[in-house]
Amino acid sequence: MPDVSVTIDGTQINVPVGTNVVDAARLAGVAVPVFCYHPKMKPVGMCRMCLVEVYTPKVDPATRQVVMGEDGKPVLALMMNKLQTGCTTPISEGMVVNTASDRVKFAQKGVLEFLLTSHPLDCPVCDKGGECPLQNLTMQWGPDSSRFDYEDKIHFEKPIPLGDLILLDRERCILCSRCVRFEDELADDNVLGFGSRGRSWEIISKSTPAFDSKFSGNTTDICPVGALTSSDFRFKARVWELKSTPSVCNLCPVGCNTSLDMRYNELMRVMPRENDAVNEIWVCDKGRYGHRYAVQENRLTTPLIKRNGEFVSATWEQAYSLIAERLGSYSGAQVAGLAGPKLPNEDLFSFARLFRENLGSNNLDHRPGSPADLPLDDLPRTYGVGKGTNLMTLGKGTAVLVIGADPEEEAPLYQLRLRAIAQRGGDLTVVSGYPTKLERSATRKVRVKPGTEAQFALALVQAVAAEKLASEEVLGSGRLKFSDEYRRVLAAHKFDDLVAATGLAREVVITTAKAFASAEHGIIVYGRSAAADPAIPQALAAFAALTGKLGKANSGLIALRPGGNFRGALDMGVRPDAAGQPGLSAQQVWQQAGTGVKAVYIAALNPAAENPAAAQALQKLDFVVVQDLFLTETAQYADVVLPAAAVIEREGTFTNAERREQRFRQARQAPANLPADWQSFQAVAQLLAERAPVAVAARTLKKGAKVFTPEAPQGWTAMLTSDVNDMVTRSVSGYNAASYSALSTSRGAWGRQPNEAVYYDGTSYENTEGVGIQIAASAEDSRTTLQLNLSAPALRPVGELVLLPVARAYDGGDWVRGSKLSARQVPAHIIMSVADTARLDVGIGELVTVSSAAGSITLPVQIETGLDLGVALLPEVRGSTLGALLTGAQTAITVVKA
Amino acid sequence: MPPLTEHIVLRDLDIPNIRDFDVYLQHGGYEAFRSAVTEKTPAEIIGMVKDAGLRGRGGAGFPTGVKWGFLPKDVFPRYLLCNCDESEPGTFNNHQIIDRNPHQLIEGIALSAYAVECHTAYIYIRGEFAAAARTLDAAIQNAYAKGFLGKNILGTGYDLDVFVHRGAGAYICGEETALMESLEGKIGQPRLKPPFPAVAGLYAKPTIINNVETLANVPMIIGKGVQWYRQFGTEKSPGTKAFSLSGHVNNPGNYELPFGLPLRELIYAPEYGGGMRGDRPVKIVIPGGASAPWLTADKLDITLDYEGVAAAGSMLGSGAVIVLDETVSAVELAYKMDEFFKHESCGKCTPCREGTWYLTKVLHRVSTGHGHANDIPLLHDVYNQMAGNCFCLLGESAVSPIRSALKLFPEEFEAAIRNGTPRQAPRLAIPLVAVAAD
């Protein structure tokens, strides 16, 4: 965009066309105070705090030329002959802005004096005190005393709940409407509004349940006063007592940067930490309120060994010795390791190494082994979005295709970020078989027949040939190689048949393909429903490759899969197919339990919870180790249970869906000085390496707690987590540059300016601790050959109804322990169409029995008006026992009234 | 200048029962519209309105034809809104037009809609005008029945629908963008401008919004011609204005005058105000509704047109002329008026929300004899903190009474603060004037 030259308080500066005066001043190093303006939202000019003098060159109406004065400079005229709000005034060439004249100062003082007339000034008991924009702006721009009588203040009942998480203090509220606008503009949750008028004007909650938004906590951050407080932090601590530790949320694959605000060893609150390329300045409520599990009383603190059917406490030496002795007694094929995709990279790397090197086993998986498991898919490693991708910078010229995903449920921040791309002029296509929230923000809402996303994706590939949309550059490079299967599948699936299967008009597919192919940047986001059928990611990768949307920044695939660090699990090799002869997947492990497989080591996974088959299989095994924070359903079947430090009690790294590796630090001392997961893996490996039970060196700390201190046999020599990371950088492809020091670099983060506090003040956390490093996609190396493959779409099962599992953010997982969100967890239920429920004569909340070839369960019904006849959705929440029902990506079911 | 022999908008004074559809038709009703849609292009209508020099009667006095010309070309749909939120204290001429001459308004809307090439028009009427809303609905039904509204009007292929929407009783909804918010079903608060309504108004589509009286002028301009119309009024303010005269005059009511008559004539002529109650001298004249700066008795010879009133330092506004005699205290009057603005402040911007509230707080204590020694400089500060700094004109309007009062009658404030007990009890400063529904 072209720049225009403006002068702000004597500083001349060139800023892009369209910049408003407040932002332009910021670039010139001049602070203009604001309350209602927020750079992430449209300006509204309500609070009048940013009033400035704006002069524009006088233009002769006859000649349309700038009138020049005697000094040879343009004659200036005060715009509209009054002060202007800087936030709503776009700059123009030759503009002169004065932010510090007497007139401006009088107006600023006046606005602050007005705001304070109805403000209670209860700073000593206000949670915002110490990080409050109203306090700060009053100090810098306000009057030194008030002429208003205290008894003139308006009093309200305080606080009143806006919802179960957020409380409103109407006395403190200065009615800037940031919260309402955030929910409407960014979150697309029309849940807040206004009631009454004048001085009684107030924020109200419009939704049922009240303030029903997955992003509600952000409103407390952007509230420029203490009007909105969260029930999670209210009256817990004064903010200046808090010590901030940089962290990364692992509850979904977004990888939001957070700050863990601690008072001594207590977690007081979780706050978003800026990272433009990941979460900007936001975090969802799950990430904000879902990290209290670590501070629960019922954490495991000592190893447990089952003797005569009862768990008894054991020492670490006893536990490690027993594990090493028992695991070492089987052949590699007889042992299996399952480590959850929420573990950090260092732990996953150590776990994979323990199994491959010390136990000689490739039976590794990061999935729980349920029929609901998604097939392995590592296509984003090749075709994923390239290094330097930053969704925040995308708008016009970008096409985003979201398919088989419900971003708000699977990775909530993508709801905000993809919607924002569409708002900035990007082309957003949302393809889904059932209603999703992101559809509402789409440029093109494409509702396919449920379960035909694969046909749609293949039709896109066919459209590339039919409409000649292939990128000359990519085709000419000779990098693309097509498998025989690719040609066979294309030949067997005609465009018209594929389109007919989806129930769409062919133009819809063609316009989508054209919009994507012709865009400068193209991103494909696929999620739970798309990943269930391997044909879909393959077709999407082929489509992206053919249209040239690969191997560069801001183009390529983004997969959303369960587990905050699923990407790390794939990269670190916690998967059966990573090296040599493929081992058993988790599902195969349960099938062969007791026969082929004798012993299993499970870390940070709870397969028994949702899958009765896993629970049965666990009983058939000779030896089970479970390593977790709590005594889970799965741990009940263990022979040895090892506790571990929670994420907030150690350091490490996670890799997010866009393959950005990010570092988190230790915020809290673990109870009983529990070791990190990798330390236990290393201890077992060391013992195995010595091929004999060896007493592990242990030392006693002051308080008598024991901590494991690794010795140094056979290369298992890590003392610190960074030592493990060094090994990762040496041995994992793509991670060679991702050292801890590199991950801790913040250059390129949102460039802070002097007086930045004026805009983002209070509760936004500057990122000085590292924005992470994006691991390159292999297609970025122009020498890589790209082997394209396709498969036939999974056959749609024949049955009365087809069941599709869908992801839910509030899934009732272990993270919810101690969280204010526990009330928002929904019990297991099945979602059906209006027509199907009418046919069955069941109403909302009534029980139905759902049966498939695998089994049957009884659940209450919810009705979704946008859903097609013949389809039922089963949300993956705790207690849904999905595993008992599924037979594949799609499952034929019958439903009867219970 | 003699009284008008022929009214332009208050034609009920010339033609008995013109509110009846048959009577309206007998007197040439809808002929202007018929000739327009069958013989004239929209551009010709706009040209005539421009040439006639018709200026918006709602307050700002902006040339109507020029406003219509702001519509971006080729952007459809467009909307025409008729602003009948008549809420400015002292203004009651729209009510009379709707009650007694509703068909002329509907014809004006139809003509204007045709001129701006829109197919949907809304009449936003303040909620309290329930009977008037029913009258309008009936008049619209009459027009539909005769084929003046609806699909394929008079066989020309032109379609137009007109709807009446009742507001919920907020002064701010007379502000054009707040009116649109309210019409869209949202809370009635002004929008940021730009974009201006002509570019992005109702439902973000190009929108023209005109006052009732403005639109009621259009059939006469089109029907009788530009020359006929321009014989009334002045060069810069052609036509007539229906003034709402209230206060301490002997004959309060609506009087349609050609622009350019002296203010004195409106107050004292026997056919208009008929002089002051009890022959007391005039103390204060508020010439354009509560938002207009006050005038004193030495300004009675100004002419009642946009330029004349502006030259005297006030504004013609909605043409609500409030005349008050010496029995009124300037302090109380300012208090009463700002009490109104405080009550009607929407709360969106800080200076208006807090400023009106604080002005009335201080004015109340001064007027009840509890003023503080430094209240006069404080009042000056408070209104200056508001003046020019508010989001819309409501806040600016609230400055007007207190600024006028302090400028014209500072001694009354000093006396009120010094003596402590200026009056017994506050009185209603503005006598109510009832316009009978029938």
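Residues numbered from 1 in each chain as written. Chains lettered and ligands numbered in written order. Predicted model: local features only at pLDDT ≥ 70, side-chain atom pairs only at ≥ 80, totals over all residues. Heavy atoms only, no water.

J.: Hey, could you run me through helix α2 (residues 102-117) of chain A in this one?
T.: Given 3.6 residues to a turn, an α-helix orients residues that are three or four positions apart in the same direction. Relative to the 22 Å expected for 16 residues at 1.5 Å per residue, α2(A) spans 22 Å between its end C-alpha atoms, a close match to the ideal helical length. Along α2(A), the residues classified as buried are V104(A), A107(A), Q108(A), G110(A), V111(A), L112(A), E113(A), F114(A), L115(A), L116(A) and T117(A). Elements in contact with the buried residues of α2(A): β3 (51-57), β6 (96-98) and α3 (133-141) of chain A together with α14 (350-367) and α15 (375-386) of chain B. (Helix = DSSP H or I, 4+ residues; strand = E, 2+ residues; numbered from the N terminus. Expected span 1.5 Å × (residues − 1). Buried < 20%, exposed > 50% of the residue type's maximum accessible area, 1.4 Å probe, protein only. Contact = heavy atoms within 4.5 Å.)

J.: Where do I start with the confidence of the model for chain B in this structure?
T.: Any residue range with low pLDDT should be treated as having predicted coordinates unsuitable for detailed reading. In the predicted model, chain B carries a mean pLDDT of 93, and the fraction of residues at 70 or more is 95%. The low-confidence segment residues 428-438 of chain B, where pLDDT is below 50, has 17 contacts with residues more than four positions distant or belonging to other chains. (pLDDT = per-residue confidence, 0-100.)

J.: What am I meant to see in the sheet that holds strand β4 (residues 158-166) of chain B here?
T.: Strands pair in a sheet through their backbones, by hydrogen bonds, and they do so in one of two ways: parallel or antiparallel. All names here are of chain B. Pairing in this open sheet of five strands is mixed, and the strands run β3-β4-β2-β1-β5 from one edge to the other. Because the sheet does not close on itself, it has two edges, and the strands there are β3 (150-153) and β5 (207-211). Mean inter-strand twist for the sheet, computed between neighbouring axes without regard to direction, equals 25°. Relative to β4, strand β2 (residues 120-125) runs parallel, the two being bridged by six bridges. Within β4, the position partnered with T120 by the bridge is D161. The strands that helix α7 (residues 130-145) touches are β2, β3 and β4; relative to β4, the one it contacts most, it runs at about 165°. (Pairing = 2+ DSSP bridges. Axes fitted to C-alpha atoms, helices over the stretch in contact; angles between N-to-C directions.)

J.: Explain the domain arrangement of chain B to me, please; I cannot follow it from the model alone.
T.: Interfaces are often sized by the accessible area lost when the parts come together. Residues and elements named next belong to chain B. Split by domain assignment, chain B resolves into domain 1 (21-230), domain 2 (240-324) and domain 3 (330-419). Here the C-alpha centre of domain 3 lies 36 Å away from the C-alpha centre of domain 1. Listed as interface residues are ten residues of domain 1 and, on the opposing side, nine residues of domain 3. A buried area of about 850 Å², summed over both sides, lies between domain 1 and domain 3, and 72% of it is on carbon and sulfur atoms. (Domains from an automatic or database assignment. Buried area = accessible area lost by both parts, 1.4 Å probe.)

J.: Help me understand the sheet that holds strand β8 (residues 166-168) of chain A in this model?
T.: Residues and elements named next belong to chain A. The antiparallel open sheet is built from three strands, whose spatial order is β7-β8-β11. On the outer flanks of this sheet lie β7 (160-161) and β11 (228-230), each paired with one strand and no other. Of the strand pairs in this sheet, β7 and β8 are connected by two bridges, and their pairing is antiparallel. Of the residues in β8, the one forming a bridge with P161 is L167.

J.: Help me out: how do you make sense of the side chain of E183(A) in this one?
T.: Residue and element names in this part refer to chain A. With respect to the secondary-structure elements, E183 resides in helix α4 (residues 178-186). K437 is the oppositely charged side chain nearest to the buried, salt-bridge-free E183, at an N-O distance of 6.5 Å. In this structure E183 touches D188, D189, V191, L192, F211, S213, F215, S216 and T219, once residues within four positions along its chain are discounted. (Lys, Arg positive; Asp, Glu negative; His and termini not counted. Salt bridge = Lys/Arg side-chain N within 4 Å of Asp/Glu carboxyl O.)

J.: Before we go on, may I ask you to explain the packing of aromatic side chains in this structure?
T.: Aromatic ring pairs: the centre-centre distance and the angle between the two ring planes describe each pair. In this structure the tally under the stated criterion is 28 aromatic pairs over all chains. Centre to centre, the rings of F654(A) and F664(A) are 4.7 Å apart; their planes meet at 20°, and the pair counts as stacked. Of this pair, F654(A) sits in strand β28 (residues 652-655) while F664(A) sits in strand β29 (residues 660-664), placing them ten residues apart in sequence. Taken together, a centroid distance of 6.1 Å and an interplanar angle of 70° make the contact between F21(B) and Y30(B) edge-to-face. Assigned by exposure class, F21(B) and Y30(B) land together as buried. An aromatic cluster is defined as three or more aromatic residues linked by ring pairs; in this entry it consists of F21(B), Y24(B), Y30(B), F33(B) and F148(B). Over the ring of W716(A) we find R353(A), and its NZ or CZ is 4.0 Å from the ring centre. (Phe/Tyr/Trp six-rings, centres within 6.5 Å; stacked < 30°, edge-to-face > 60°. Lys NZ or Arg CZ within 6 Å of the ring centre and 35° of its normal.)

J.: Any chance you could explain the interface of chain A and chain B here in plain terms?
T.: Counting from both sides, the interface comprises 32 residues of chain A and, opposite them, 32 residues of chain B. On the chain A side of the interface with chain B, the three residues burying the most area are F114(A), R147(A) and R197(A), jointly 27% of the side's total. Between E354(B) and R199(A) there is a salt bridge; the shortest N-O distance is 2.7 Å. At eight residues, the largest contribution of residues to the side of chain A that touches chain B is made by α2(A). Broken down by class, the residue content of the side of chain A that touches chain B amounts to 17 nonpolar, seven polar and eight charged. (Nonpolar A, V, L, I, M, F, W, Y, C, P; charged D, E, K, R; others polar.)

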